[in-house]
Amino acid sequence: MQYNPSEIEKKWQAFWEAERSFEPSTDLSLPKKYVLSMFPYPSGRIHMGHVRNYTIGDAFARFYRQQGMNVLHPIGWDSFGMPAENAAIKHGVHPKKWTYENIDYMRKELASLGLSFSKEREFATSDPLYTKFEQGFIIDLFEKGLLYRKKAYLNWCPHDLTVLANEQVVDGCCWRCDTPIVKKEMNQYYLRITDYADELIDDLKQLERKWPNQVLAMQENWIGRSHGLEFTLAFDEHTKQLLRGEYEGFEVYTTRPDTIYGVSYTALAPEHPLVSYMIENRMLPQAAASEIEAMKNSSAIDRQKEKHGVALGIDVVHPLTGKKIPVWVANFVLMDYGSGAVMAVPAHDERDFDFATKYDLPITPVIAHPEEGIAEGRAMTEPGILFNSGAFSELMSDEAKSAIIEYFDKEGLGKKVTNYRLKDWGISRQRYWGAPIPLIHCPKCGIVAEKKENLPVTLPDDVEITGEGNPLEHHPTWKQCSCPQCGGEAERETDTMDTFVQSSWYFLRYTASAKLWEEKAFDKDELAYWMNVDHYIGGIEHAILHLLYSRFFTKALRDLGYVDADEPFERLLTQGMVLKDGAKMSKSKGNTVDPDALIEKYGADTARLFILFAAPPTQELEWNDSAVEGAFRFLRRFYERSENAYATDVIPAIDHSALSKPEKAARKKVYEALSRANDVFGERYTFNTMIAGVMEAMNALAEQKNADVWTEAYWVLSSLMEPIVPHVCWEISDRLFGGKNLASQQLKEEVFALESITLGVSVNGKNRGQIEVAPEASKAEMIEAAKAVVPNWLEGKTIVKEIVVPNKLVNLVVK
């Protein structure tokens, strides 16, 4: 009997599709599991990261089906986005055509892996029906005030020619193309994610021990809740006159009020309104104004590298000492954090120290280390004891923070406030291939929402994509429309939505059954049944962007009355990257492995087995060609040795006590593997240990010839391995058991019963031999057996003490 993976896999994939084997039941009374792997972008070809992600999710889905669960395990396509436009520019193909052709190809690739997806709930986020429901949510958010428009300096990618949210800027560069971003002032639509900042951070407690600690920490740090002092730095009289009475001062925020007596300068962001006012009114030399404009156009990463500043020639007054403090513009101050202004304490902040050192500004220490004293030649950033701080001298930092905030509040100088690093989510994108924002600009009514009965607002097909500007803005007719309120001439919004909007609710859409699919985005009863997602699988790179946005969107839809859930994902598994030659696989490095070629050569089951055996899912996986070959050889052996089993409708009944020692050892190994499986799927996710257990069982089975033992083993092991290598297991199960074994398996406790135990024998504490006794042997029997194996060490001696350590040793003390 020869193992032919191509023939076996095609047979069972056709069977599963014809039988609708993986469609969830609409019976909402059944126990359920919702298993979801993050859906792919249809780039054209799957890669080994996809294979790992979807193989892990599929293993969970198949395991839970065996346990009798109603399993929702869907797939879809995150299909809007810039790569489609870039392909249009490069190859002259329409983004829609490129996208849906890629989906067709990738769907076949995923099917070739034997993934047990629900095909009837598949969708692409660029489908008009998906857009219709999404635009309805956007209108609701706009009408509730959670979506708004304002002008601001935005992150602009000069390569992709679009705006990026703060979360999409990684180390100062575009998250997609790695181009350094620049700041550009323009109108943008924002979702008020900051309204949910406290809930987003507080609800992380619900996810502890269910999500990786690293992800929880990353979200907490990104939201960046801090408590500190906010107060006004008032201008001196000369500055007020210079500014023509337009400004009295500006707000600053600090988490270190204990350092306030060390302020020696203040710094504004280049985009600060006061700076713009001074430039517009020509209050600065042209060279200074040009330098500030250059700062604005620098990427965020460049602004954090080398410090640059411009003195504005104006002063504020220290609120406690009354001393004048010079005001500078500094490139490291960002407008999107706090008020865009900082009090600079170079003695106790490294960034302030570097700037002050470069521009020869005063450095005034006001905190000393309790033991080491004042720091020399560096900023002392750690807490300590205050000095030169007026009435607050001699206080420790923590005590001083509270005391100074209390003083400012009492004297009306400032107040305690909570600040956040998180900023509202900018969702406008100046690109064609995205969901249109369903708003209309009316010269009479202002910005108004489209009527829901007119949704979806779809994209025009007749566009020319050159890479320059927004094709919707330049389309001759698409944006022309009537105002939904007054009926007058108006224009559609030409910005499209950030694609992270689509991925922020797609998991809710999957819960909709076929009978409601066209009617509504999802149904409350079905949501209540399926949500939350029980297992969510994806890369750690989505820890902030997608996962944070999804949590926010779920809470916002809850407040709109659509859902009841507070959190979308119960358990999160972040799989490690697939490496080759020690580096992440990439075409540019020439170290990729083609999944299609791998499946053609070895079969999908070999690919799946290697992926789950080579490393635990949460760790990086190093590609190893010889290990792939080894996985194939094991599967061939697993298949061919099934000839040792016989056909039966029930698991064989075996009298364990009547078996030989090798037969008992083989049964024990089989059920040890089963025991590992229950642990793996329940908590640890270490599929490699379970697979290793199956390999050990196969080795033990080869040491005996009992057909009952072989048959029982294949009844258990083909069920156990079905989530990992489904095709070969269905083939074996169908031939031997009519598929009846592909269900939950029960442990046989008798196989773990010990027939004997081995004890060490020592004389005067030194090991002199060992004995094998029955587990129920008495102490006296153990001692007698021990004496029998060490007669030479007892000859001419008197035993003065006999010590038995249960399950370990017998020690005879002699003299």
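Conventions and cut-offs
Residue positions are given per chain, counting from 1 as you read along its sequence in written order. With the structure being a predicted model, the display of local features is reserved for residues of pLDDT at least 70 and the display and counting of side-chain atom pairs for 80 or more, all residues being used for whole-chain, interface and lining totals. Heavy atoms from the whole structure form the basis of all side-chain values; hydrogens and water molecules are not counted. Only DSSP runs of H or I reaching four residues or more are called helices, and only runs of E reaching two or more are called strands; each is numbered from the N terminus. Only protein chains enter the accessibility calculation, which uses a 1.4 Å probe; a residue whose area is less than 20% of its type maximum is buried, one above 50% is exposed, and one in between is partly exposed. By the convention used here, residues are in contact when the closest approach between their heavy atoms is within 4.5 Å. Method for areas: the Shrake-Rupley scheme with a 1.4 Å probe, in which residue coverage is limited to the protein chains shown. Note on pairing: two strands pair once DSSP finds at least 2 bridges between them. Axes here refer to lines fitted to C-alpha atoms; in helices the fit is confined to the stretch in contact. Angles between the N-to-C directions go from 0 to 180 degrees. If an angle is under 35 degrees, it is roughly parallel; if it is over 145, roughly antiparallel; if it lies from 65 to 115, roughly perpendicular; otherwise it is oblique. When residues are sorted by character, Ala, Val, Leu, Ile, Met, Phe, Trp, Tyr, Cys and Pro go into the nonpolar class, Asp, Glu, Lys and Arg into the charged class, and all the rest, Gly among them, into the polar class. Each Phe, Tyr or Trp ring (for Trp, its six-membered ring) is paired with any other whose centre lies within 6.5 Å, and the angle between the two planes then decides the class: stacked below 30 degrees, edge-to-face above 60, tilted in between. Working rule: Lys NZ or Arg CZ, within 6 Å of ring centre, within 35 degrees of ring normal, means a charge sits over the ring. By convention in these notes, a salt bridge is any Lys or Arg side-chain nitrogen within 4 Å of a carboxyl oxygen on Asp or Glu. N or O atoms closer than or at 3.5 Å make up a polar contact, with two conditions inside protein: a donor-capable atom paired with an acceptor-capable one, and, for residues adjacent in sequence, both atoms drawn from side chains. Here a cavity denotes a set of grid points, spaced 1 Å apart and computed over the protein atoms alone, in which a 1.4 Å probe fits but from which it cannot get out, and a pocket denotes an open set meeting protein on both sides within 12 Å along at least five of seven lines; residues with an atom within 4 Å of a point are reported as lining. Grid points are joined across faces, edges and corners, and a volume is the space filled by probe spheres set on the points. For this analysis, a nonpolar core means a set of buried residues of the types Ala, Val, Leu, Ile, Met, Phe, Trp, Tyr and Cys, connected via side-chain atoms within 4.5 Å.

Draft legend 1. Molecular detail of the overall build of the protein chain. The helix and strand inventory of the protein chain stands at 27 helices and 32 strands. In terms of overall dimensions, the protein chain has a C-alpha envelope of 105 × 80 × 50 Å along the principal axes. Considering the protein chain as a whole, with its 815 residues, one finds that 55% of them fall into the buried category. Taking the contacts inside the protein chain whose residues are at least 6 apart along the sequence as the reference set, 72% of them involve residues at least 24 apart. Split by element, the accessible area of the protein chain, about 35,600 Å² in all, is 48% carbon and sulfur.

Draft legend 2. Seen up close, the pairing of strand S13 (residues 341-344). Burial of the side chains of S13 extends over both faces: Ala341 and Met343 are buried on one face and Val342 and Ala344 on the other. Summarising the sheet, strand S10 (residues 265-268) and S13 pair through 4 bridges and their orientation is antiparallel. Counted as the bridge partner of leucine 268 is alanine 341 from S13.

Draft legend 3. Representation of the packing of helix H2 (residues 48-66) against helix H20 (residues 604-613) in the model. Across the interface, H2 lies against H20 with an axial gap of 10 Å and an inter-helix angle of 90°. When the axis of H2 is compared with that of H20, the two are roughly perpendicular. Along its contact with H2, which presents Met48, Val51, Arg52, Thr55, Ile56, Asp58, Ala59 and Arg62, the element H20 presents Arg608, Ile611 and Leu612. Split into classes, the residues belonging to the contact of H2 with H20 amount to 6 nonpolar, 1 polar and 4 charged.

Draft legend 4. Inspection of the pairing of strand S7 (residues 182-191) at higher detail. Summarising the sheet, strand S3 (residues 147-157) and S7 pair through 10 bridges and their orientation is antiparallel. Directly across from tryptophan 156, in S7, lies its bridge partner valine 182. Pairing between S7 and strand S17 (residues 425-426): 2 bridges, direction antiparallel. When the sheet's bridge partners are listed, leucine 191 is paired in S17 with tryptophan 425.

Draft legend 5. Layout of the packing of aromatic side chains. Scanning the model with the defined rule gives 56 aromatic pairs in all. Ring plane angle 75° and centroid distance 6.3 Å describe the contact between tryptophan 425 and phenylalanine 552, whose orientation is recorded as edge-to-face. With tryptophan 425 in strand S17 and phenylalanine 552 in helix H18 (residues 545-559), this residue pair connects regions lying 127 residues apart in the sequence. Geometrically, the ring pair formed by phenylalanine 634 and phenylalanine 638 is stacked, given 6.0 Å between the ring centres and 25° between the ring planes. One end of the pair, phenylalanine 634, and the other, phenylalanine 638, are both in helix H21 (residues 625-640), 4 residues apart, so they sit about a helical turn from each other. Residues phenylalanine 634 and phenylalanine 638 agree in their burial class; the two are buried. One residue, lysine 150, lies across the ring of tyrosine 190, its end atom 5.2 Å from the ring centre. The positively charged end of arginine 192 is found above the aromatic ring belonging to tyrosine 148, 4.0 Å away from the centroid.

Draft legend 6. Broad picture of the environment of leucine 229. Here leucine 229 is to be found in strand S8 (residues 226-235). Taking the relative accessible area as the measure of exposure, leucine 229 reaches 0% and is therefore buried. Linking leucine 229 and isoleucine 405, residues 176 residues apart in sequence, is a C-alpha distance of 6.1 Å. Residues contacting leucine 229, with those up to four places away along its chain left out, are Val252, Tyr253, Thr254, Pro257, Ile260, Ile404, Ile405, Phe408, Gly414 and Lys415.

Draft legend 7. Focus on the pattern of salt bridges. Under the criterion given, the structure shown has 42 salt bridges. The closest approach of N and O atoms between arginine 378 and glutamate 382, which form a salt bridge, is 3.4 Å. Take glutamate 382: its relative accessible area is 28%, and that puts it in the partly exposed class. When salt bridges that share partners are traced, they join Glu199, Asp203, Arg551, Lys555, Arg558, Asp559, Asp566 and Glu567 into one network.

Draft legend 8. Quick look at the environment of arginine 244. Secondary-structure assignment places arginine 244 in the loop between helix H8 (237-242) and strand S9 (249-254). Leave out the neighbours within four places in its chain, and arginine 244 touches Tyr277, Asn281 and Met283. Within the local environment of arginine 244, its side chain forms a polar contact with the side chain of asparagine 281, the two groups lying 3.2 Å apart.

Draft legend 9. Spotlight on the sheet that holds strand S2 (residues 70-72). What the 4 strands build is an open sheet, ordered S2-S1-S24-S25; its pairing is parallel. Strand pairing shows two members of the sheet lacking a second neighbour, S2 and strand S25 (569-575), which therefore form its edges. The mean inter-strand angle of the sheet, taken between neighbouring strand axes irrespective of direction, is 20°. Note that strand S1 (residues 32-37) and strand S24 (residues 533-539) share 3 bridges and pair parallel. Of the residues in S24, the one forming a bridge with serine 37 is isoleucine 537. Sheet strands touched by H2: S1, S2, S24 and S25. Its angle to S1, the strand with the most contacts, is close to 175°. This element, H18, spans S24 and S25 of the sheet and lies at about 175° to S25.

Draft legend 10. Representation of the sheet that holds strand S19 (residues 439-442) within the structure. An order of S20-S19-S22-S21 is seen for the 4 strands of this open sheet, with the pairing classed as antiparallel. Pairing within the sheet leaves two strands with one partner each, and these edge strands are strand S20 (446-449) and strand S21 (480-482). Each adjacent strand pair in this sheet contributes to an overall mean axis angle of 40°, direction not counted. In this structure, S21 lies alongside strand S22 (residues 489-492), joined through 3 bridges in antiparallel fashion. The residue of S22 that forms the bridge with cysteine 481 is alanine 490. Here helix H5 (residues 128-143) sits on the sheet and contacts S19 and S20; the angle it forms with S20, its principal contact strand, is near 130°.

Draft legend 11. Quick look at the side chain of glutamine 188. Mapped onto the fold, glutamine 188 is located in strand S7. Residue classification places glutamine 188 among the buried positions, given a relative accessible area of 2%. Setting aside anything within four residues of it in sequence, one finds glutamine 188 in contact with Tyr148, Arg149, Lys150, Leu154, Val163, Gly426, Ile427, Ser428 and Arg429.

Draft legend 12. Main features of empty space enclosed by the protein. The full count for this structure, using the stated rule, is 2 cavities of 30 Å³ or more. The space that makes up the largest cavity amounts to roughly 130 Å³. Listing elements by their share of the lining of the largest cavity, those giving two or more residues are strand S4 (162-164) and strand S23 (496-497). In the lining of the largest cavity, the residues fall into 5 nonpolar, 6 polar and 4 charged. Computed from the structure, the second largest cavity encloses a volume of approximately 100 Å³. Lining the second largest cavity we find 13 residues, and of these Phe63, Gln66, Gln67, Leu674 and Leu720 sit closest to its centre. Counting residues per element, the ones that place at least two in the lining of the second largest cavity are H2, helix H22 (661-684) and helix H24 (707-721).

Draft legend 13. Structural detail: the nonpolar core. Counting 90 residues, the largest nonpolar core has Phe60 and Leu717 as the members making the most contacts within it. The contact partners of phenylalanine 60, leaving out residues within four places of it in the chain, are Val35, His535, Ile537, Leu573, Phe681, Tyr685 and Phe687. Phe39, Val457, Tyr529 and Leu548 belong to the second-largest nonpolar core, a separate cluster that totals 85 residues.

As far as function goes, none of this settles anything; it's purely spatial.
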